[in-house]
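One-letter residues, chain by chain:
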Amino acid sequence: MNVGVQFGNIPKILGENQVTFLEHFQLASRANRSTRWVWSLKPSRVYSVASLRNHIDIAMLLLSDCRWYWNYLIPGKLNILASRICHGKLPSMANLLKLGISSSNLCKMCNGAPETEERVFVDCPVAQEVWQQVCRWWRLLEYPINSIRDRLDCKERLWGHYRLKKIHEAIMLVFLRVIWGYRNLKAHSSNANTKPYTALAYEVQSLSLLWINARNRRGQNLRWLEWSCDPILECYCRL
């Protein structure tokens, strides 16, 4: 009768028998039994790439109910940035301190508190002021943001056409990109000049128009003058 040999804990087996892996494998092959590999992460004992990927995700990713759905109006790198924010995987100072890479966890933009995702994109005075200017541009008078989850779920809090919601979400993602880029500039450039908040808000307006027009497959392209004055009306008229 053939009996399968399981190499489930190879380091322990080799240590007990004082043999190398090759010697152990040759001894097992000479025995009057079949030798096969088994995968201990699945009940079927059969290896699959999906099971290995799931095992790595469970070990490395934070358990979270946060999910990010791809926004086709902006570049993929901004969607990846949103997904990393969702799972707490940005190289913020707090995360770098946990990994032993940095000796400080203070926010690079204001030096006022530990730099977490919540601090960079929600609580930091720089992010708050730029977001207020973006809200005034979109005429959002009452739009409180209390957490990063509120930031990422911004389109669910708007009434209107589905495409208008996607555009607003795209602008929010551009905002995240602008804030994170400004943070990196402050962190990695020794002589970086402080940008005025109006310049950061202008960057949100211009980049969002550029990327939305480049990926717009419906209607006409948005016009800069109308976009900068009344973006909601321009979206309804052109898209």
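My aim in this report is to walk through the structure given alongside it, one point at a time. None of these values were measured; they are calculated from a predicted model.

Calculation criteria
Residues numbered from 1 in each chain as written. Predicted model: local features only at pLDDT ≥ 70, side-chain atom pairs only at ≥ 80, totals over all residues. Heavy atoms only, no water. Salt bridge = Lys/Arg side-chain N within 4 Å of Asp/Glu carboxyl O. Helix = DSSP H or I, 4+ residues; strand = E, 2+ residues; numbered from the N terminus. Buried < 20%, exposed > 50% of the residue type's maximum accessible area, 1.4 Å probe, protein only. Axes fitted to C-alpha atoms, helices over the stretch in contact; angles between N-to-C directions. Parallel < 35°, antiparallel > 145°, perpendicular 65-115°, else oblique. Left-handed = near helix turned anticlockwise from the far one by under 90°. Contact = heavy atoms within 4.5 Å. Nonpolar A, V, L, I, M, F, W, Y, C, P; charged D, E, K, R; others polar. Disulfide = S-S within 2.5 Å. Phe/Tyr/Trp six-rings, centres within 6.5 Å; stacked < 30°, edge-to-face > 60°. Lys NZ or Arg CZ within 6 Å of the ring centre and 35° of its normal.

To continue, consider the pattern of salt bridges. Overall, the coordinates contain eight salt bridges when judged by the stated rule. A salt bridge links Glu115 to Arg183, with the shortest nitrogen-to-oxygen separation between them at 2.8 Å. On the criterion of sequence distance, the pair formed by Glu115 in the loop between α5 (93–98) and α6 (117–123) and Arg183 in helix α9 (residues 162–188) is long-range, its members being 68 residues apart. Accessibility expressed as a relative area gives 0% for Glu115, which makes it buried. Note that Arg136 is salt-bridged to Glu129, the shortest N-O span being 4.0 Å. Overall, Arg136 belongs to the exposed group, its relative accessible area being 53%. Taking relative accessible area as the criterion, Glu129 reaches 24% and is therefore assigned partly exposed. Here the residues in one salt-bridge network are Arg177, Lys195 and Glu203, joined through shared partners.

Another aspect to go through is the packing of α9 against helix α10 (residues 197–215). Taken N-terminus to C-terminus, the directions of α9 and α10 make an angle of 130 degrees; their axes are 9 Å apart at the nearest point. Put simply, α9 runs oblique to α10. The hand of the α9/α10 crossing is right-handed. Taken together, the residues of α10 that come into contact with α9 (itself represented by Ile167, Ala170, Ile171, Val174, Phe175, Arg177, Val178 and Tyr182) are Leu200, Glu203, Val204, Leu207, Ser208, Trp211 and Ile212. Split by residue class, the contact of α9 with α10 holds twelve nonpolar, one polar and two charged.

On to the state of the cysteines. Scanning all chains against the criterion turns up zero disulfides. Its sulfur unpaired, Cys107 is 3.7 Å from the next cysteine sulfur, which belongs to Cys110. Residue Cys107 is classed as buried on the basis of its relative accessible area of 0%. Using a relative accessible area of 26% as the deciding quantity, one classes Cys110 as partly exposed.

Once that is clear, we can look at the packing of aromatic side chains. Counting across every chain of the model gives seven aromatic pairs. When the centroid spacing of 6.1 Å and the interplanar angle of 35 degrees are considered together, the rings of Phe121 and Trp180 count as tilted. Of this pair, Phe121 sits in helix α6 while Trp180 is found in helix α9, placing the two residues 59 residues apart along the sequence. The exposure class of Trp180 is buried, given its relative accessible area of 11%. Taken together through their ring pairs, the aromatic side chains of Trp137, Trp138 and Trp227 make up a single cluster. Sitting over the face of the ring of Trp131, Arg151 holds its NZ or CZ atom 4.4 Å from the ring centroid.

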